Amino acid sequence: QVQLVESGGGLVQPGGSLRLSCAASGSIFMLDAMGWYRQAPGKQRELVADIARAGATNYADSSKGRFSISRDNAKNTVYLQMNSLKPEDTAVYYCNAKIATWSGSRLDDYWGQGTQVTVIS
């Protein structure tokens, strides 16, 4: 069994910063790409940023220049540093990880429970 546990969400004013963390644990044979997605009320879940095991990163246009994704492979943890936050960044943020649970198995998608980020004056 695999668990992704997120932390770091909260309420912040426009222009403020937050740092999200997500730690993967459990029956992990191989932890590949990790990423952050978000879903605002009435909207579809969308990619915020993701990072390959070796460190290559990919950002949504709305995240570029303001958000930074990083990971610590020794801790099976991914981080999202969010700066210059805007009201439109308000959403539930979900951690995603592609994990193989035993040798020879495929990589499956696992999701965290979500953490609320609210940007409001």
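Just above, that's the structure.
Enquirer: Residues and numbers for the sheet that holds strand β1 (residues 2-7), please.
Expert: Strands pair in a sheet through their backbones, by hydrogen bonds, and they do so in one of two ways: parallel or antiparallel. In spatial order, the strands read β1-β3-β8-β7; together these 4 strands make up an open sheet with antiparallel pairing. Among the strands making up the open sheet, the edge pair consists of β1 and β7 (67-72). Sheet twist, expressed as the average angle between the axes of neighbouring strands with direction ignored, equals 15 degrees. Bridge analysis of β1 against strand β3 (residues 18-26) gives 6 bridges, and the strand direction is antiparallel. When the sheet's bridge partners are listed, L4 is paired in β3 with A24.

Enquirer: Help me get a handle on a nonpolar patch on the surface, residues and values and all.
Expert: A cluster of nonpolar side chains, contributed by F29, M30 and L107, occupies part of the molecular surface with about 280 Å² of accessible area. Note on placement: L107 falls in the loop between β9 (91-100) and β10 (108-111).

Enquirer: Residues and numbers for the nonpolar core, please.
Expert: A general feature of soluble globular proteins is that nonpolar side chains tend to end up buried together. Counting residues in each nonpolar core, the largest one holds 28 residues, and the members touching the most others are W36, I69, V78, L80, M82 and Y93. Among the elements of the structure, β1, β3, β4 (30-39), β5 (46-51), β7, β8 (77-82), β9 and β11 (115-119) are those that each provide at least two residues to this core. Counting residues per element, this core draws most heavily on β9, at 5 residues. Filtering out sequence-adjacent residues up to four positions away, V78 remains in contact with L20, S21, C22, M34, W36, I51, I69, S70, R71 and C95.

Enquirer: Got a sec to walk through the pattern of salt bridges? Specific residues and values, please.
Expert: For the structure shown, the criterion picks out 6 salt bridges. With its nearest N and O atoms 2.8 Å apart, the salt bridge here joins R38 to E46. Residue classification places E46 among the partly exposed residues on the basis of a relative accessible area of 36%. In the salt-bridge network here, residues are joined through shared partners; they are R38, E46, R66 and D89.

Each value, and the rule that gives it
- One numbering rule holds for all chains: residues counted from 1, following each sequence as written.
- The model is predicted, so local features are restricted to residues of pLDDT at least 70 and side-chain atom pairs to those at 80 or more, both for listing and for counting; the totals for chains, interfaces and linings are taken over all residues.
- Calculated side-chain values reflect all of the structure's heavy atoms, with hydrogen atoms and water omitted.
- A strand pair is defined by DSSP finding two or more bridges across the two strands.
- Numbering goes from the N terminus for both helices and strands, where a helix is a DSSP run of H or I of at least four residues and a strand is a run of E of at least two.
- Structural elements are reduced to axes, namely lines fitted to C-alpha atoms, with helices fitted over the stretch in contact, and the angle between N-to-C directions of any two is expressed from 0 to 180 degrees.
- Patch membership requires over 30% relative accessible area and the absence of a salt bridge. Like charges are linked within 9 Å, and nonpolar side chains (Val, Leu, Ile, Met, Phe, Trp, Tyr) within 5 Å.
- Working definition of accessibility: Shrake-Rupley area with a 1.4 Å probe, residue cover restricted to the visible protein chains.
- Criterion for a salt bridge: a side-chain nitrogen of Lys or Arg within 4 Å of a carboxyl oxygen of Asp or Glu.
- For our purposes a nonpolar core is just a set of buried Ala, Val, Leu, Ile, Met, Phe, Trp, Tyr and Cys residues, chained together by side-chain atoms within 4.5 Å.
- The buried label applies to any residue whose accessible area, calculated with a 1.4 Å probe on protein chains only, is under 20% of its type's maximum; exposed applies above 50%, and partly exposed to all values in between.
- Here, two residues are considered to be in contact whenever any of their heavy atoms come within 4.5 Å of each other.

Remember, this is a structural readout, not a statement about activity or role.
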